[in-house]
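# Fold and geometry: a report
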Amino acid sequence: SSAAHTKAANPGMMTPPSPVGVGEDPSELVTTVDKVVCLESSRPRMGVGCRLSRALLTAVTNVLIFFWCLAFLWGLLILLKYRWRKLEEEEQAMYEMVKKIIDVVQDHYVDWEQDMERYPYVGILHVRDTLIPPQSRRRMKRVWDRAVEFLASNESRIQTESHRVAGEDMLVWRWTKPSSFSDSER
């Protein structure tokens, strides 16, 4: 039986000063081997070498965990800095694209005033095709979309309209010439 094995393995288990067996109820004192469920020792007997090796293992494990956490946080910081730099570069590229679009639309309007262009407006896709080479369009799509959105919401000198050009409806930009007189001068 398991009680006989337990008693044979640990003959002094139930002898005073204190029993080391734990029964069903931890608060209840176990006095016979039959009631033992598991064993615990309140005073483990370990040699100095064993204690030192366990302390060293615990210290090394804690140091490794600390450095892994530190490396993870460092990597996260590097990743965030990279992401912030990319967002900043993308925003700068968007503002450069807005400037180029304004220049193209304004130049087109000036050419139209001098009868060098047929229409006072220019197709949005035509401007995109003029400014971005075909091999860069996929890479620059996000910058282009943000620039178009920025112009639509923040630029009063350029109007977005829909016109039928060569039998197709397309979105175009028209330069709206600022009035030479402001309301306060009139």
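As the structure is a computational prediction, the values presented were derived from the model and not from experiment.

## Observations regarding the overall build of the chain
A tally of regular secondary structure across the chain gives four helices and five strands. Of the regular secondary structure in the chain, the N- to C-terminal order runs α-β-β-α-β-α-α-β-β. Residues counted as buried form 19% of the 186 residues belonging to the chain. Accessible surface for the chain amounts to roughly 14700 Å². Of this, 58% is attributable to carbon and sulfur atoms.

## Section: the UniProt feature "transmembrane region" (unreviewed entry) in the chain
When the UniProt feature table is mapped onto this chain, "transmembrane region" (unreviewed entry) is found at residues 55-80. Taken as a whole, residues 55-80 contains 100% helix and 0% strand, while its terminal C-alpha atoms sit 37 Å from one another.

## Describing the sheet that holds strand β4 (residues 158-165)
Spatially, β3-β5-β4 is the arrangement adopted by the three strands of the open sheet, whose pairing is antiparallel. What marks the edges here is a single partner per strand, and that holds for β3 (121-123) and β4. Strand-to-strand twist across the sheet, computed as the mean angle between neighbouring axes with direction ignored, equals 40°. Where β3 and strand β5 (residues 168-175) come together, three bridges link them in antiparallel fashion. Pairing of Tyr-121 across the sheet is with Arg-174, part of β5. Here helix α2 (residues 48-113) sits on the sheet and contacts β3, β4 and β5; the angle it forms with β5, its principal contact strand, is near 90°.

## Section: unusual backbone geometry
You will see that Asp-115, though not glycine, has its phi angle at about 60°, which is positive. With respect to the helices and strands, the residue Asp-115 is situated in the loop between α2 and β3.

## Some remarks on the pattern of salt bridges
Summed over the entire model, instances satisfying the criterion amount to nine salt bridges. Note that Asp-129 and Arg-137 form a salt bridge whose closest N and O atoms lie 3.4 Å from each other. Accessibility expressed as a relative area gives 36% for Asp-129, which makes it partly exposed. The salt bridge involving Glu-161 is made with Arg-174; its shortest N-O contact spans 3.1 Å. Of this pair, Glu-161 sits in strand β4 while Arg-174 sits in strand β5, placing them 13 residues apart in sequence. Several salt bridges converge on common partners, so that one network encompasses Arg-85, Lys-86 and Glu-89.

The rules behind these values
Residues numbered from 1 in each chain as written. Predicted model: local features only at pLDDT ≥ 70, side-chain atom pairs only at ≥ 80, totals over all residues. Heavy atoms only, no water. Helix = DSSP H or I, 4+ residues; strand = E, 2+ residues; numbered from the N terminus. Buried < 20%, exposed > 50% of the residue type's maximum accessible area, 1.4 Å probe, protein only. Areas by Shrake-Rupley, 256 points an atom, 1.4 Å probe, with all protein chains shown as cover. UniProt positions renumbered as here; feature names shortened; annotations may be inferred. Pairing = 2+ DSSP bridges. Axes fitted to C-alpha atoms, helices over the stretch in contact; angles between N-to-C directions. Contact = heavy atoms within 4.5 Å. Salt bridge = Lys/Arg side-chain N within 4 Å of Asp/Glu carboxyl O.

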